[in-house]
Amino acid sequence: MRKHATAVIDAPAGAGTAAIALRGVTKVYGRGDEAVHALRGVDLAIRPGSFTAVMGPSGSGKSTFLHCAAGLDRPTGGQVFLAGTDIAGLSETKLTELRRTRVGFVFQAFNLVGSLTAEQNVTLPLRLAGTRPDKKWVREVLGRVGLAQRAGHRPAQLSGGQQQRVAIARALVTRPDVLFADEPTGALDTKTGREVLGLLREVVDTFGHTVVMVTHDPVAASYADRVLFLADGRLVDTLENPSAEAVADRMIHMEG
Amino acid sequence: MLRLAFGTLRARLAGFAGAFLAVALATVLVTGAGVMLESVLRTHAPVERLSGTDLAVAASDKLERTPAMGKGSGEGESEGDKLQQTPRLPAGLAARIAAVPGVQAAVPDRTVPVALPGGLGAEAHGWDSAQLTPYRLTAGTAPQTGGQIVLDAPTAAALGAGPGTKLEIGTPKGARSVTVSGIAEGRGATAVFLAPQTAAELGAVPDRADFIGITLAPGADAKQVRAAVKALLADAGPQFGDPTRGQPKAQVLSGGSLARLEAPAATTAQEATVPVVAVFGGSAAFTAIFVVAGTFGFSIRQRTREIGLLRAVGATPGQVRRMIAAEALLVALAAAALAVPLGYGFAHVLAELFDKADALPPGFTIVKSWLPGVVGAGSALLVTQIAAFAAAARAAKLRPTEVFGATAKRRILVPLLRYGLGVLTLAGGAALLAVSMNLGGDDGASSSIGIVFTLMLAVALLGLPIARVGVALVGRLVNPAGGAAGRLARANGAAEPGRVAAVAVPVALTIAFSCSVLFIGTTVADETIAQSKARTSATYVVDGTGRAGLAPDAVDRIRALPGVAAAAGTVATTVMDGSVSDALELDARGVGPDTAAVMDLGVRAGDLADLRGPDTVALGSRHAEAKDKGVGDRIRYWLGDGTPMEARVVALYDNAFGFGDYLMPQEVAAAHSTASGYDKVFVTAAPGADRAALTAELAKEGRVMDRAAYLDEVADDANEGAWANAFILGAIAVFTALGVVNTIVMATASRAREFAVLRLAGTTRRQVTAMLRREFAVAAAVGIGIGTGIAWLTLGAFANGITGRFDPAMPPAIYLPLVAATVALIYGSGLLAARSALRRDPVEAIGARD
């Protein structure tokens, strides 16, 4: 048994200073004998302006961690603070509204609504929130992801990498506290993947956004400031300023 | 949100095409039914013979509560069902009305059917009725004595008659010789005139009139006269009517409402058509909800991923619901815009169907107002919103994580409300079945119709669990082990019961609906034919309908003919049974003496010979059982003209179906029916009689049929009735069948990606098609099985009502082709859709984005 994860992670002292904070979060799917313990007690606080990668072998609870931290799913036990608010007491509608303004998402694939143009996809969260999109800001966000010229294209007219850029622009358009990315390069070829990772790095460095990314690719993880390792539903290790080799090394040890 | 809905709609036209089509078809049906209903309601026979009549006093044609029969009190609630036989009122009232200031003349009018030479029939009235049109003499003089008649000009021309011509005419009270005294011209159907006193004598009840027609003096104020006549009627209370029996109230009519006095048959036909059209429209709207909800729910289910994405990027459950509602609104508006004009056109097709089924009232023309269009469009909006509500309830519950597909655990969403409602409806269907079986008789038969609709609703609500069980039961049967296609099909069925349900539910609805409608008709027809066969022991039947009827003296003449062993007449009438607010109209017969000698009614108790005197009745044994009456008991009911009756039961008989559950002496029937005399005389020939001579003699009285010809006619009428109904409601069955095609095409076309995966994994096109065939087989078996089951229960309960046996008859000669057509429809549409989905290159198809 390794050291308990809390010891190596910034203590979730004040939910107020962290973008996202988890305290003793557990998640159980199913009941009785068939119950699956996806998370077995995770404590964590994410510093604003940081790029964090979450790694772990298959079944380690990476995706569940992301869903719970982002307020997409509710934990079985423990607390999740989104922008300082405990989500436990929120109705589904209130939670959605909080998530809509404070959290951005980029998924592995199927990120875009096929019937809407790139620009319409980007402004979708704003429209859902009932705010009139600020044209200048939308154009700037599209510019940041390098798609200023493609605003009127439909997803089917864009390459896979371009689609992920649109997804990143959409995630940024609400100026979220945290941008969550779930295997954002999983469906892309190596070169395009690197470009998307570079873009994520850039939004942290240049614009001060906070990014949390789940990945199984050591190279992708190496773009982050810090890598958290999940195993069997617990945070088991952390690595600051990682290199791809160091991450791969840890992973080999974990699986071995 | 509306913009988003519109955006998705525009880009997903293909996905919405199915829902759009279903809504549009439903709207066409409902709008068409609406046009028909309005047209029938606005159909009024023209007022012609009474065009010179300012006011008329007639007995109310609605069933009334009387002190003798009433349950509870309250004057206002006495309005009841429409009477099928013309109620009459005392002719003496005319003299008192004539004394009202402003009244020029008050005429007691009677319609007496007479038979003229050459097979012509006509309505005879007293000459005093001529001023109600008015008819004016163009030649000769008015009839003064019982031996004189005035003909209208067309009749005179047809007979080649003029003043002085002698004629033999038939009347309900026997044949008589008359001399034409004059020729008159007027308006309306053929009319002949007798001396007023003669018309009164020949009327069913001499001191009663069908109505009293009033003409006003020049310059009289119609309003004032009307009020005065009303006051007189209220005042006339004690003298008006027979206090021991009670009488219907009198009404004052004018203008268009005089049509019901001039042509009671046309008015009755119109009123009989209204419920038929209403049932058609109601069934169309009811099935539309299923079909539209089915396709709509299906199109939403296919967008799980998109809805999950919207939820993930910040759409609240409420926003998802509103988006789906907005999409439904757009689909409904677009469909209504297309379908409402088509619906107005479809009304003509419906009118054709109704006409073929002989279900249109005389004088029917299609009336097109804005109202049916609004109702059609409104029902499109309502039905889609109901469908959207059901689909959105599930969609809004989707968690945003479900967008991740395989990486997230799929939750099984149990729609508790839906299943709860489904179980309740199922229980309701079972209860209805029990009630129907318990009631028996006509009440049981008519309540059985509710079973099919209740169970259809239950199946629609419980489609998924039913499909799951169905797949488990028939899956192995249809797909025995072995073969890749069979194994795949079985796995698909188990993994995606929703897909099986999507096909099986509309199939079940189609089969349940069409079988119930068709076979209720054939059950009635079969029972009518069987009982007629058992009943008819007569050698010949003489039919007098279409002429003046057969007067009682005709029966005496027939009885006296050489070679006749026995002869007895019957006349069809109606009685009403139940309560004032919910009276059931039942067939009844007035019969003459000797009925038992010409007819085997299967008398189970008592003796038909005791059917003498005004207060006796014989009952069909099944009806008596339902009413808990035996021989010697007294039973209360209403005669066809609304007269309350309390009679002593003198006999019970088994062979009542297609004849009547109430038998009464002919005199009673004649006094309380529109028709008088007999409509048929049954004749039993003596052994060794000269049949040719006998037939020739009988032909002088009416149309003669031998037993076989008579039974053929009964069978033809019964089958025609059975098919007429099925024919009309067939339009709805076609609609549900289109719903089947719609869902199958949608479901199959959406699987292009899955087919591509199979193709890339080495499955040949032939194997994919084979797999689909097996899947369809399972869905068809489940759907047809359930539909047949529902129809079987409904028909069983219906048969129990009319025959007393739970004996659902589904003639294979009709059922099997129906099933074959359904299967062909499923295979044809599904395999066609699959072929187009398989035509794409699999590599391209798999890369296609949803």
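Summary of the structure given here. Predicted, not measured: the structure shown is a model, and the values here were computed from it. (Residues numbered from 1 in each chain as written. Chains lettered and ligands numbered in written order. Predicted model: local features only at pLDDT ≥ 70, side-chain atom pairs only at ≥ 80, totals over all residues. Heavy atoms only, no water.)

### So, the nonpolar core
Nonpolar side chains in soluble globular proteins tend to be buried together. Put simply, the rule is: Only buried Ala, Val, Leu, Ile, Met, Phe, Trp, Tyr and Cys residues count toward a nonpolar core, and they belong to the same one when joined by side-chain atoms within 4.5 Å. Each residue's exposure class comes from its accessible area (1.4 Å probe, protein chains only) as a fraction of the maximum for that residue type: buried when under 20%, exposed when over 50%, partly exposed otherwise. Note that domain bounds follow an automatic or database assignment of domains.
Membership of the largest hydrophobic core comes to 154 residues, with the highest contact counts inside it found for A:Ile20, A:Leu22, A:Phe65, A:Phe180, B:Phe280 and B:Ile324. Counting contributing residues per domain, this core is built from domain 1 (1–45 + 273–413) and domain 3 (464–534 + 711–850) of chain B, each supplying no fewer than three. Of all hydrophobic cores here, the second largest spans 44 residues; its members include A:Phe51, A:Leu112, A:Leu239 and A:Val247.

### Here we look at the environment of B:Cys515
Residues and elements named next belong to chain B. Under the convention used in this document: Only DSSP runs of H or I with at least four residues qualify as helices, and only runs of E with at least two residues qualify as strands; both kinds are numbered from the N terminus onward. Any two residues having at least one pair of non-hydrogen atoms within 4.5 Å are treated as being in contact.
Structurally, Cys 515 is set in helix H16 (residues 497–535). With 275 residues separating them along the chain, Cys 515 and Ile 790 place their C-alpha atoms 9.1 Å apart. Non-local contacts of Cys 515, meaning those with residues more than four positions away in its chain, are made with Ile 520, Ala 791, Leu 795, Met 810, Tyr 815 and Leu 818.

### Considerations on helix H12 (residues 416–439) of chain B
Residues and elements named next belong to chain B. Here is the rule: To estimate the expected span of a helix, subtract one from its residue number and multiply by 1.5 Å.
With 24 residues, H12 should reach 34 Å at 1.5 Å per residue; the first-to-last C-alpha distance of 34 Å fits that figure. Among all positions in H12, only Tyr 419, Gly 422, Thr 425, Gly 429, Leu 433 and Ser 436 are buried. Just past H12, the residue Gly 440 takes up positive phi, approximately 65°.

### Some words on the packing of aromatic side chains
Residues and elements named next belong to chain B. What counts, and what does not: Two rings from Phe, Tyr or Trp (for Trp, the six-membered ring) form a pair when their centres are within 6.5 Å of each other. A pair whose planes differ by under 30 degrees is stacked, one over 60 is edge-to-face, and the rest are tilted.
Per the counting criterion, the structure on display carries 10 aromatic pairs over all chains. Ring geometry for Trp 127 against Phe 193: centres 5.2 Å apart, planes inclined by 90°, an arrangement best described as edge-to-face. Remark: Phe 193 occurs in strand E10 (residues 191–194) and Trp 127 occurs in the loop between strand E5 (120–126) and strand E6 (136–140); sequence separation between them is 66 residues. Here Phe 193 falls in the buried class, since its relative accessible area comes to 1%.

### What to know about the side chain of B:Asn800
Residues and elements named next belong to chain B. Threshold: Counted as a polar contact is a pair of N or O atoms within 3.5 Å, where, for protein atoms, one must be capable of donating a hydrogen and the other of accepting one, and residues adjacent in sequence contribute only when both atoms are in side chains.
Mapped onto the elements, Asn 800 comes out in helix H24 (residues 765–803). Reaching out from Asn 800, the side chain makes a polar contact with the backbone oxygen of Met 437 at a distance of 3.3 Å. If sequence neighbours within four positions are ignored, Asn 800 has contacts with Ser 436, Met 437, Gly 440, Arg 622, Arg 805 and Phe 806.

### A short note on the pairing of strand E3 (residues 103–109) of chain B
Residue and element names in this part refer to chain B. Let me state the cut-off plainly: Between any two strands, pairing holds if DSSP finds at least two bridges.
The element E3 is extensively covered by neighbouring structure, given that six of its seven residues are classed as buried. Bridge count for E3 against strand E12 (residues 211–216) is six bridges, and the pairing is antiparallel. Residue pairing in the sheet places Val 103 in a bridge with Leu 216 of E12.

### Describing the sheet that holds strand E2 (residues 36–46) of chain A
All names here are of chain A. In space, the four strands of this open sheet follow the order E2-E1-E4-E5, with antiparallel pairing throughout. The open sheet is flanked by E2 and strand E5 (85–86), the only strands paired with a single partner. For strand E1 (residues 20–29) and E2, the ladder comprises eight bridges, and the chain directions are antiparallel. Among the inter-strand pairings, Ile 20 is bridged to a residue of E2, identified as Ile 46.

### Overview of the environment of B:Val292
Residue and element names in this part refer to chain B. Mapped onto the elements of the fold, Val 292 is located in helix H8 (residues 264–301). The exposure class assigned to Val 292 is buried, which follows from its relative accessible area of 1%. The sequence separation of Val 292 and Leu 25 amounts to 267 residues, and the corresponding C-alpha distance is 9.6 Å. When near neighbours in sequence (up to four residues on either side) are disregarded, Val 292 contacts Ala 22, Val 23, Ala 26, Val 383, Thr 384 and Ala 387.

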